[in-house]
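This is what each chain is made of:
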Amino acid sequence: MDKNWINNYRLGSYTLFACGLINLRYQWGEPDVLSRSALIFVPGAVFLAATFIPFALKVLARREVKALSAVLGILLIAYAFSN
């Protein structure tokens, strides 16, 4: 079985995590910045942690979960840049 999809999850998760923390740093002092940034970096941290759990890998390997997580990731990145 090809395991390259795990790296895609990890890189996407790291991207969300990093964008969320960068957003937090550069908008510090703005109202509700913590909740807006957490909306970006928490899913990244959760998905990154899930790539190290064997049961979660079985769920993440499903085609519909891959498609849903790709759409969610793109939407969160778009939110991070428009925020």
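Coordinates for the structure precede this section.
To keep things clear, this report deals only with the structure shown in the data block. (Residues numbered from 1 in each chain as written. Predicted model: local features only at pLDDT ≥ 70, side-chain atom pairs only at ≥ 80, totals over all residues. Heavy atoms only, no water.)

### Examining the overall build of the protein
Next, step 1: Counting its regular elements, the protein contains four helices and zero strands.
Next, step 2: Principal-axis analysis of the C-alpha atoms gives the protein an extent of 45 × 20 × 15 Å.
Next, step 3: The buried share of the protein, taken over its 83 residues, is 33%.
Next, step 4: A fraction of 63% describes how many contacts in the protein between residues 6 or more apart in sequence connect residues 24 or more apart.
Next, step 5: About 5700 Å² of surface is accessible on the protein, with carbon and sulfur atoms providing 70% of the total.
Next, step 6: Separation of charge centres in the protein, based on 8 positive and 4 negative side chains, amounts to 11 Å. (Helix = DSSP H or I, 4+ residues; strand = E, 2+ residues; numbered from the N terminus. Buried < 20%, exposed > 50% of the residue type's maximum accessible area, 1.4 Å probe, protein only. Contact = heavy atoms within 4.5 Å. Areas by Shrake-Rupley, 256 points an atom, 1.4 Å probe, with all protein chains shown as cover. Lys, Arg positive; Asp, Glu negative; His and termini not counted. Charge placed at Lys NZ, Arg CZ, Asp CG, Glu CD.)

### Details of helix 1 (residues 4-26)
Note that an α-helix has 3.6 residues per turn; residues three or four places apart therefore point the same way.
Next, step 1: Helix length check: helix 1, at 23 residues, gives a terminal C-alpha distance of 33 Å against a target of 33 Å (1.5 Å per residue), a fit within 8%.
Next, step 2: Those residues of helix 1 that sit buried are Trp5, Ile6, Tyr9, Ser13, Leu16, Ala18, Cys19, Gly20, Asn23 and Leu24.
Next, step 3: Each element contacted by the buried residues of helix 1 is listed here: helix 2 (33-50), helix 3 (54-60) and helix 4 (63-82). (Expected span 1.5 Å × (residues − 1).)

### Some details on a nonpolar patch on the surface
Next, step 1: Among the surface-exposed residues, Ile53, Phe55 and Val59 lie close enough to one another that they form a single nonpolar patch of about 300 Å² accessible area.
Next, step 2: Secondary-structure assignment places phenylalanine 55 in helix 3.
Next, step 3: Overall, phenylalanine 55 belongs to the exposed group, its relative accessible area being 64%. (Patch = residues over 30% accessible without salt bridge, like charges linked within 9 Å, V, L, I, M, F, W, Y side chains within 5 Å. Salt bridge = Lys/Arg side-chain N within 4 Å of Asp/Glu carboxyl O.)

### Some thoughts on the packing of helix 2 against helix 4
Next, step 1: Where helix 2 meets helix 4, the closest approach of the two axes is 10 Å, and the angle between their N-to-C directions is 150°. Between helix 2 and helix 4 lies a crossing whose hand is left-handed. Of the residues in helix 4, those in contact with Arg36, Leu39, Ile40, Pro43 and Phe47 of helix 2 are Ser69, Leu72, Leu76, Tyr79 and Ala80.
Next, step 2: In terms of residue class, the contact of helix 2 with helix 4 is made up of eight nonpolar, one polar and one charged. (Axes fitted to C-alpha atoms, helices over the stretch in contact; angles between N-to-C directions. Left-handed = near helix turned anticlockwise from the far one by under 90°. Nonpolar A, V, L, I, M, F, W, Y, C, P; charged D, E, K, R; others polar.)

### Quick word on the nonpolar core
Next, step 1: With eight residues, the main nonpolar core is built from Trp5, Ile6, Tyr9, Ala50, Ala56, Leu57, Leu60 and Val65.
Next, step 2: Contributions of two or more residues to this core are made by helix 1 and helix 3.
Next, step 3: With residues near it in sequence (within four places) discarded, valine 65 still touches Tyr9, Val59 and Leu60.
Next, step 4: Ranked by size, the runner-up nonpolar core spans five residues in total, among them Leu16, Cys19, Leu76 and Ala80. (Core = buried A, V, L, I, M, F, W, Y, C linked by side-chain atoms within 4.5 Å.)

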